[in-house]
Amino acid sequence: MAAPVLTLITFLPAAAGLALSPLKAEKGAVVRWGALGASLAVLVLAVMAWTGFDVKADPIQLRESCTWIPLEVPLHYTMGIDGISLALIVLTAFLMPLAIRASWHQPNGFFIALLFLETGMMGAFCALDLFLFYVFWEGMLIPMYLLIGIWGGPRRIYASVKFILYTIVGSVLMLAAILYCGIQARTFDVVELQQKLPLMTEISPQTQSWLFAAFAVSFAIKVPLFPFHTWLPDAHVEAPTAGSVILAGVLLKMGTYGFLRFAIPFFPQAAQAHTPLIVALSTIGILYGSLMAMAQSDIKKLVAYSSVAHLGFCMLGIFSGTLQGAQGGVLQMVNHGLSTGALFLLVGVIYEKTHRRGVDDFGGMAKVMPVYATLFMIVTLSSIGLPGLNGFVGEFLVLFGAFPEHPKATAFAAVGVVLGAVYMLKLYRDVFFGPVTRPEREGIGDVGRAELGYLLPIVALIILLGILPNLVLSKTERAVDAVVKTYRQGAR
Amino acid sequence: MIVTASDWMSILPALALILGAFAAVAVGTIVRPEKRQGIAEFVCYAALTVALGASFYALSKGDGYKTVAIDGFHSAVRLDELALFLTLAIVAATGLTVVLSADAMKGQEAAHGEYYGLLLLAAAGMMLLVEAQELITFFISLEVLSLALYALTGLLRRDTRSNEAAIKYFVMGAFASGFVLYGMALLYGATGSLLLPEIASRIASKSIAGPSLVSTGVVLLGIGLAFKVGAVPFHQWVPDVYEGAPTSVTAFMSVAVKAAGFGGLLRILLTAVQPLAATWGTALWGLALLTLVVANLLAVAQQNVKRMLAYSSIAHTGYILAAVASLRGKTVTESMAIETGSAAVYYLFVYTFMTLGAFAFLLYAGRGDRDAEDIGDFAGLAKRRPWSAFAMTIFMLSLGGIPPTAGFFGKFLLFKSMVHAGETGLVIVGVLSSAVSLYYYLRVVVYMYMKPEPEGSETPRFGFNAGLVVLACAAFTLALGLLPSRYLNLSTTSIAMLLR
């Protein structure tokens, strides 16, 4: 039997966190390097899983399974990945060391929370048993809650409680739906459920609709789909840099991943029936997020609202019902993780230097920090979707795939693309161009070697994926195609 | 009457505690004051060890597919797996309370033998309650545990809150006992039997004096027991009594009484009046709904953590009641009833550790002669004691039903059995109220981790024994969430036996 790669990827961080937790504050260096080492080891494993993933073999690979709790409907410890989970696992594994490196000044507990968070996220992406998935899905909220609540900004308590209550209300409804599905289908195995549930005549269309709604609301809160997004700006603004990076980079993708893995394959008819609503909300999210982003004076809040808009694109693509659109949606998930993750890392750099992050607090920074300005420009252009950088391909595929199905929504979404360029370039102009408005910022210095250590890899990947989007698309194609096919069958 | 070996065996766990109780009281009068507490503790440990040994011995006879059932005293008591499983919970709760008391009662006038004697007596009453198969025995056990608890509540006789709590508890408890007794009288009058299986067979064969008498009797009995386990609207005594009683007693009371009360309730409902499930199920359904909503909303408003835990205790009664209520359905098969019952019993077991741990933390983090009760007392504790603060976080998350803790798995089982029985509406109320509950549980976490300790505040006691209990309970809370199989099997067979 091969090594249990997914178990290692999932539990290595938690094991490291547990091992590092007894260390005292004086041993901060050990904890920092230990956390970085563990997350890099996970990255190595994830890359190995990536290269070993055979797009022509079984759709689900690296499967591990054993009985965990023998009930009459047994609960299994089943792990396995398809192309979609693979992409998200690699994204998570890639962002985590960067987030850790960017939090070098934080106390020990911060790193331990990050490691446990990684376990939760990896587990949720790998789990192929609904119960197991739910354990990870909810379990990861706790470290995130502590990250925001303990190490966040001035309104951290409000933001963290809002974050956790919002998500929990969604998840408990999903729990009820999970129980219902598990009992009706006599299994909690995700693959079996994907096969059984769409064909079950015992579940009336109306019940299906409710079940879909329970899953969908839970995921929509995570995405966040308008109007469930109100927790996001607060959480992002108050979270420490690493928290924002992981929140935007990975946690939001849990929502879209949930739609792809559970909500659509389980209830294709209901998904079809709700498509107009979801597409409308996604489009509103794109426009509303963009307009709100234009009005922000806090850079972090601006990026947070831009996330609402970007995730709207992902949702639009996923619910387009075409392979191009859904592929674009998945690629856009990865792209958003990279470009928004990079933006939060960049904002973190100047925040550490100045403890300010209002747009008005800066001006003419291109003169003061030329290297930083260059990196920021690349990421800005990636976020806007400039051809040659990663954002372009995803956005293009989404619009291309969605247009035949939802022409009006796509037209509005295309307006969102323009608005995206407006607010990002406006931000760039105000912060970097013109004369230096605050003389006291003259001496803050450009990015140092430490910052470059975590900024360069992500910028490199942004450029790489812009040139070779097929790196992701080829791996995800088959899994996405399966989802799209199931979705289409629901139309009958 | 000849008392046989199996008679003795059937009450051995309780008997050990009763003898221990006498010994502990004797210690209180004979031994010199400064040594009393230590020796009384030792007596308790000895008695509990015997009880535990007897339970495990009885359990070991039922290995494999054979199940345990030791009848005693002409079927007045029956030591079966339900009784044994809950006895384990009661022994664990009592043992942990004794450990806790070493800190809680240190230097108290009340630390004399009678405290330990009453504790053991109450536990003995509980053990008899969960194995009682006959109404008179049931009532006597209920009174033994209640009377001991009234006295324990008022133990701090110079503390007005403790006195007030004792009076309230006594008046309300006596009232409830009256209901129970009246209900029993009606049941006896209608069926002509005091034995639970006998009552069941007479109801099933319709050889009863009047169907309305039976249902009135069941309702009265139910109301009485609802008082004891603290279900809304019979819950008003709970917050005051929990707040006023010494914290170690509150800890003991909140978990052990619940285990025993529900054990007794389940036995009556599932054996004696099983055919009337549709009636009592609907009544319990209403109680459960009311309890879930009211208790969780009231808990949100509490600034005193001890009171908050009291409301939380009521809320958890609601979850268990909701599961039991789901047996009312017409489509409920025996296997579903087993699922439901075992989920309830498992939850009681889980609840024991998470709640006891939380109360132990109140003692652990106390300052001077006050326990940590006000939410402000928790500020900054994570800085001072990261491990035990983390343990408290585990208790709060477990009570709130967040994985991977035992509380989550327990709730998962409860809700699953309810969905299975077709009570989806009640499940939705249940999950939403548990989301609400997270708000007040997390407030403790917020204070411990996210608020700085006020300047110049006194160093908390951080008693060694209380800390020990906190860590032990945290370990159990995690273990029962991650690897529940062993105890889950036991809880399943315990209910399966009852229904056979």
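Residues numbered from 1 in each chain as written. Chains lettered and ligands numbered in written order. Predicted model: local features only at pLDDT ≥ 70, side-chain atom pairs only at ≥ 80, totals over all residues.

Some thoughts on the overall build of chain A
Phase 1 of the analysis: Secondary structure assignment for chain A yields 20 helices and 2 strands.
Phase 2 of the analysis: In terms of overall size, chain A behaves like a compact globule, its C-alpha atoms giving a radius of gyration of 21 Å where 492 residues would be expected to give roughly 23 Å.
Phase 3 of the analysis: If you line up chain A on its principal axes, its C-alpha atoms span 70 × 55 × 40 Å.
Phase 4 of the analysis: Taken over 492 residues, chain A has a buried fraction of 62%.
Phase 5 of the analysis: Contacts spanning at least 24 positions in sequence make up 80% of the contacts within chain A whose residues lie at least 6 apart. (Helix = DSSP H or I, 4+ residues; strand = E, 2+ residues; numbered from the N terminus. Rg over C-alpha atoms; globule rule 2.2 N^0.38 Å. Buried ≥ 20, exposed ≤ 12 C-beta atoms within 10 Å, placed from the backbone. Contact = placed C-beta atoms within 7 Å.)

A look at the overall build of chain B
Phase 1 of the analysis: For chain B, the helix and strand inventory stands at 19 helices and 2 strands.
Phase 2 of the analysis: Expressed along its principal axes, the backbone C-alpha trace of chain B runs to roughly 75 × 55 × 45 Å.
Phase 3 of the analysis: By sequence separation, contacts in chain B at least 24 residues apart represent 81% of the contacts at least 6 residues apart.

Looking at the environment of Pro154(A)
Residue and element names in this part refer to chain A.
Phase 1 of the analysis: Residue position: Pro154 is located in the loop between helix H6 (141-151) and helix H7 (156-185).
Phase 2 of the analysis: Taking the number of C-beta atoms within 10 Å as the measure of exposure, Pro154 has 9 and is therefore exposed.
Phase 3 of the analysis: Sequence-wise, Pro154 and Arg32 are 122 residues apart; in three dimensions their C-alpha atoms are separated by 25 Å.

Remarks on the interface of chain B and chain A
Phase 1 of the analysis: The partner chain A presents 24 residues to the 23 residues of chain B that form the contact.
Phase 2 of the analysis: When residues of the side of chain B that touches chain A are traced back to their parent elements, those giving at least two are helix H16 (406-420) and helix H17 (424-450) of chain B.
Phase 3 of the analysis: If one sorts the elements of the side of chain B that touches chain A by residue count, H17(B) sits on top with 13 residues.
Phase 4 of the analysis: Tallied by class, the residues present in the side of chain B that touches chain A amount to 18 nonpolar, 4 polar and 1 charged. (Nonpolar A, V, L, I, M, F, W, Y, C, P; charged D, E, K, R; others polar.)

Some details on helix H10 (residues 247-272) of chain B
Residues and elements named next belong to chain B.
Phase 1 of the analysis: For H10, with 26 residues, the first-to-last C-alpha span of 36 Å sits near the 38 Å given by 1.5 Å per residue.
Phase 2 of the analysis: For H10, the principal kink sits at Met253 and spans about 25 degrees.
Phase 3 of the analysis: Here H10 lies mainly inside the structure; 25 of its 26 residues are buried. (Expected span 1.5 Å × (residues − 1). Bend = angle between axes of the 7 residues up to and from the residue.)

Some details on the pairing of strand E1 (residues 61-69) of chain A
Each regular strand carries side chains that alternate between the two faces of the sheet.
Residue and element names in this part refer to chain A.
Phase 1 of the analysis: Inspection of the sheet shows E1 paired to strand E2 (residues 75-81) by 6 bridges, in the antiparallel sense. Of the residues in E2, the one forming a bridge with Glu64 is Met79.
Phase 2 of the analysis: What sits between the antiparallel neighbours E1 and E2 is a turn of 5 residues. (Pairing = 2+ DSSP bridges.)

A closer look at the confidence of the model for chain B
Phase 1 of the analysis: Per-residue pLDDT for chain B has a mean of 88; in total, 98% of the residues score no lower than 70.
Phase 2 of the analysis: Interface predicted TM-score (ipTM) for the complex: 0.91; the corresponding pTM is 0.93. (pLDDT = per-residue confidence, 0-100.)

A short note on the confidence of the model for chain A
Phase 1 of the analysis: Averaged over every residue, the pLDDT of chain A is 89; residues scoring 70 or more account for 99%.
Phase 2 of the analysis: Mean pLDDT across the secondary structure elements of chain A bottoms out at helix H15 (residues 365-368) of chain A, with 84, and peaks at helix H4 (residues 108-126) of chain A, with 93.

Things to note about the environment of Arg443(B)
Phase 1 of the analysis: With respect to the helices and strands, Arg443(B) occurs in helix H17.
Phase 2 of the analysis: Residues Arg443(B) and Leu181(B), spaced 262 residues apart in sequence, show a C-alpha to C-alpha distance of 42 Å.

Section: unusual backbone geometry
Phase 1 of the analysis: Here the residue pair Val223(A) and Pro224(A) is connected by a cis peptide bond, since its omega of -10 degrees sits within 30 degrees of zero.
Phase 2 of the analysis: Tracing the sequence through the fold places Pro224(A) in the loop between helix H9 (205-222) and helix H10 (231-238).
Phase 3 of the analysis: Backbone torsion omega between Pro403(B) and Pro404(B) reads 0 degrees, so that peptide bond is classified as cis.
Phase 4 of the analysis: In this structure, Pro404(B) sits in the loop between helix H15 (386-400) and H16.
Phase 5 of the analysis: Backbone geometry at Phe73(B) places phi at a positive 50 degrees, although glycine is not the residue there.
Phase 6 of the analysis: Structurally, the position occupied by Phe73(B) is in the loop between strand E1 (69-72) and strand E2 (77-80).
Phase 7 of the analysis: On the neighbour-count criterion, Phe73(B) (18 C-beta atoms within 10 Å) is partly exposed.
Phase 8 of the analysis: A positive phi angle, near 50 degrees, is found at Phe462(B), a position not held by glycine.
Phase 9 of the analysis: Relative to the elements of secondary structure, Phe462(B) occurs in the loop between H17 and helix H18 (464-482).
Phase 10 of the analysis: Judged by C-beta crowding, with 16 C-beta atoms within 10 Å, Phe462(B) ranks as partly exposed.

Remarks on the environment of Pro107(A)
Phase 1 of the analysis: Positionally, Pro107(A) belongs in the loop between helix H3 (83-101) and H4.
Phase 2 of the analysis: On a C-alpha basis, the gap between Pro107(A) and Ala29(A) in space is 9.8 Å, while along the polypeptide they are 78 residues apart.

What about the packing of helix H11 (residues 277-300) of chain B against H17(B)?
Residues and elements named next belong to chain B.
Phase 1 of the analysis: In the contact formed by H11 and H17, the axes pass within 9 Å of each other and the chain directions differ by 20 degrees. Viewed along their axes, H11 and H17 adopt a mutual orientation that is roughly parallel. Crossing of H11 against H17: the hand is left-handed. Where H11 approaches H17, its residues Trp285, Ala288, Leu289, Leu292, Val293, Asn296, Ala299 and Val300 are matched on the opposing element by Leu426, Val429, Gly430, Ser433, Val436, Ser437, Tyr439 and Tyr440.
Phase 2 of the analysis: Across the contact of H11 with H17, the residue classes tally to 12 nonpolar, 4 polar and no charged. (Axes fitted to C-alpha atoms, helices over the stretch in contact; angles between N-to-C directions. Parallel < 35°, antiparallel > 145°, perpendicular 65-115°, else oblique. Left-handed = near helix turned anticlockwise from the far one by under 90°.)

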